[in-house]
Amino acid sequence: MGRKPILAANWKMNMLRAEAGVFCDQLRRQSEGSGGRVSAEHVEVLVFPSFPLLDTVAAGLADGIASVGGQDVHPQASGAHTGDVSAAQLVDAGCTWVLCGHSERRRDHAESDEWIGLKVKAAQDAGLIPLICVGETREERSEGRTLEVLERQVSAALDGASGSFELAYEPVWAIGTGETATPEMAQEAHAFLRRLLGDMLGVERASQVRILYGGSAKPENVDELYAEKDIDGFLVGGASLDSEKFSAMMRSCARSAP
Ligand code: PGA
């Protein structure tokens, strides 16, 4: 069985409720307009809005065309953590997914690999599916340390994990820069990640994990990236703010899905 592609929108700190509502309406219209070809059967669509938009997006996508996730989660169940959000609160707001370890969280909030591992565990314990983000900086790549960094990040993120998860390879130098990894570069990293998962969890389990590519993914480059054997979809930032571009990417993934 081939892996069903995932197309995930990471809206980051963008959109207001009215814009989010319009996006959901357009997404629904555009997937209906494609003759039913773009349905949950062909591509799994996820939207990660910022916290104040969760209600709007969960209601706007309630007919099942996409699932909703939080952009972050705190490892603890509740308590004195101003500005944070718990896994149970995300579930209560209609989320089934959560991003863990996005490079902007690692950078802006000094999140360590171990801290991200705790978030993954908290998410799984609450029944959320973590989409774990890993990736090297430009400096780490130029020093030839890409695979070493990926191994360190994945090992820490999965230390203590015991449920389902999916992975996103996001080279930091490609995020929001317009610079995309070549299909060969991305495939090399994805194949390495799958081998690593195989060593950690067994080949069978590793063959089921969806590994998404993220970093300036857009309608113009998804076809050639998705043609690579170990690329199972995309985590999209900038291009996900435009429902037409995002729908075009949905159609690309659905068209080429196994
Ligand atoms: P980008 O962001 O598509 O704007 O590069 C991707 C991400 O950070 O998830």
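Structural data are supplied above this passage.
Residues numbered from 1 in each chain as written. Predicted model: local features only at pLDDT ≥ 70, side-chain atom pairs only at ≥ 80, totals over all residues. Heavy atoms only, no water.

Novice: Can you walk me through the site of the ligand in this structure?
Specialist: The full set close to the ligand counts 13 residues, and Lys12, His102, Glu170, Gly176 and Ser216 are the nearest of them. One of the side-chain nitrogen or oxygen atoms of Asn10 is found 3.4 Å away from an oxygen atom of the ligand. Side-chain polar atom of His102 to an oxygen atom of the ligand: 2.7 Å apart, as the coordinates give it. For the ligand, whose unbound accessible area comes to 280 Å², protein coverage reaches 96%. Class assignment for the residues of the shell around the ligand results in 4 nonpolar, 7 polar and 2 charged. (Near = heavy atom within 4 Å. Polar contact = N/O pair within 3.5 Å; in protein donor to acceptor, adjacent residues only side chain to side chain. Areas by Shrake-Rupley, 256 points an atom, 1.4 Å probe, with all protein chains shown as cover. Nonpolar A, V, L, I, M, F, W, Y, C, P; charged D, E, K, R; others polar.)

Novice: Just to check I follow, could you spell out the pairing of strand β5 (residues 129-134) for this structure?
Specialist: Taken residue by residue, a regular strand's side chains alternate between the two faces of the sheet. Burial of β5 is extensive: 5 of the 6 residues sit out of reach of the surface. Where strand β4 (residues 97-100) and β5 come together, 4 bridges link them in parallel fashion. What sits directly across from Cys100, in β5, is Ile132. Bridging between β5 and strand β6 (residues 166-169) involves 4 bridges; their strand directions are parallel. In the sheet register, Cys133 faces β6, and the bridge partner there is Ala168. (Buried < 20%, exposed > 50% of the residue type's maximum accessible area, 1.4 Å probe, protein only. Helix = DSSP H or I, 4+ residues; strand = E, 2+ residues; numbered from the N terminus. Pairing = 2+ DSSP bridges.)

Novice: I would appreciate a short explanation of the layout of surface pockets in the present structure.
Specialist: Gaps left between atoms are located by rolling a probe of water-molecule size over the structure's atoms. Taken as a whole, the largest pocket spans an internal volume of roughly 390 Å³. For the lining of the largest pocket, the leading source of residues is helix α4 (residues 103-108), giving 4 residues. Looking at side-chain class alone, the lining of the largest pocket contains 4 nonpolar, 5 polar and 6 charged residues. (1 Å grid on protein atoms, 1.4 Å probe; cavity = no way out; pocket = protein on both sides within 12 Å on 5 of 7 lines; lining within 4 Å. Points joined across faces, edges and corners; volume = space filled by probe spheres on them.)

Novice: What's the story with the nonpolar core in this structure? I'm lost.
Specialist: Generally speaking, soluble globular proteins have nonpolar side chains that are buried together. If you look at the biggest cluster of nonpolar residues, it comprises 66 residues, and the most contacted ones within it are Tyr213 and Phe234. Ranked by residues supplied to this core, first place goes to helix α8 (residues 183-201) with 6 residues. Residues within four places of Tyr213 in sequence aside, it is in contact with Tyr169, Pro171, Ala174, Thr180, Ala181, Ala186, His190, Leu225, Ile231, Gly233, Phe234 and Leu235. If you look at the next biggest cluster of nonpolar residues, it comprises 11 residues, including Phe48, Trp97, Leu131 and Ala168. (Core = buried A, V, L, I, M, F, W, Y, C linked by side-chain atoms within 4.5 Å. Contact = heavy atoms within 4.5 Å.)

Novice: Please clarify how the pairing of β6 should be interpreted in this entry.
Specialist: Burial along β6 is two-sided: Glu166 and Ala168 facing one way and Leu167 and Tyr169 facing the other are all buried. Looking at chain direction, β6 and strand β7 (residues 211-214) are connected through 3 bridges and run parallel. Bridging from a neighbouring strand, Ala168 pairs with Leu212 of β7.

Novice: I'm lost on helix α7 (residues 146-158) in this one. Help?
Specialist: Turn by turn, an α-helix covers 3.6 residues, leaving residues three or four places apart pointing in a common direction. Between its first and last C-alpha, α7 extends 18 Å over 13 residues, near the 18 Å set by a 1.5 Å rise per residue. If you check which residues of α7 are buried, you get Thr146, Val149, Leu150, Gln153, Val154, Ala156, Ala157 and Leu158. Where α7 is buried, its residues contact α4, α5 (113-125), β5, α6 (138-142), β6 and α8. In the stretch just after α7, Gly160 is the one whose phi turns positive, near 95°. (Expected span 1.5 Å × (residues − 1).)

Novice: Teacher, can you tell me more about the environment of Pro52 here?
Specialist: With respect to the helices and strands, Pro52 occurs in the loop between β2 (44-48) and α2 (54-60). C-alpha of Pro52 to C-alpha of Arg17: the two residues are 35 residues apart in sequence and 8.0 Å apart in space.

Novice: Help me understand the side chain of Asn10, please; the structure alone is not making it clear to me.
Specialist: Residue position: Asn10 is located in strand β1 (residues 6-10). Relative accessible area serves as the criterion here: at 4%, Asn10 is assigned to the buried category. One polar contact links Asn10 to His102, side chain to side chain, over a distance of 3.4 Å. The residues contacting Asn10, other than those within four sequence positions of it, are Phe48, Gln71, Leu99, His102, Leu235, Val236, Gly237 and Ser240.

Novice: How should unusual backbone geometry be read in this particular structure?
Specialist: With the exception of glycine, most residues fall at negative phi, and the peptide bonds are largely trans. Within the chain, Lys12 stands out as a residue other than glycine whose phi angle is a positive 55°. Secondary-structure assignment places Lys12 in the loop between β1 and α1 (17-33).

Novice: Just checking my understanding: could you explain the pattern of salt bridges for this structure?
Specialist: Side chains that differ in sign of charge can pair as their charged atoms come close. In the structure shown here, the tally under the stated rule is 22 salt bridges. Close ionic contact of Glu148 with Arg145 constitutes a salt bridge, the shortest N to O distance being 3.5 Å. Among the charged side chains, a network of salt bridges with common partners joins Arg3, Arg194, Lys229, Asp230 and Asp232. (Salt bridge = Lys/Arg side-chain N within 4 Å of Asp/Glu carboxyl O.)

Novice: Hey, could you run me through the sheet that holds β6 in this one?
Specialist: The strands that make up a sheet are held in pairs by hydrogen bonds between backbone atoms, and each pair lies either parallel or antiparallel. Strand order in the closed barrel formed by 8 strands is β1-β2-β3-β4-β5-β6-β7-β8, and the pairing between neighbours is parallel. Each strand axis lies, on average, 25° off the axis of its neighbour in the sheet, ignoring direction. Strand direction decides the pairing type here: β2 and strand β3 (residues 67-70), joined by 2 bridges, are parallel. Paired with Val47 across the two strands is Val68, which belongs to β3. Strands β5 and β6 of the sheet are contacted by α7, whose axis makes an angle of about 155° with β5. (Axes fitted to C-alpha atoms, helices over the stretch in contact; angles between N-to-C directions.)

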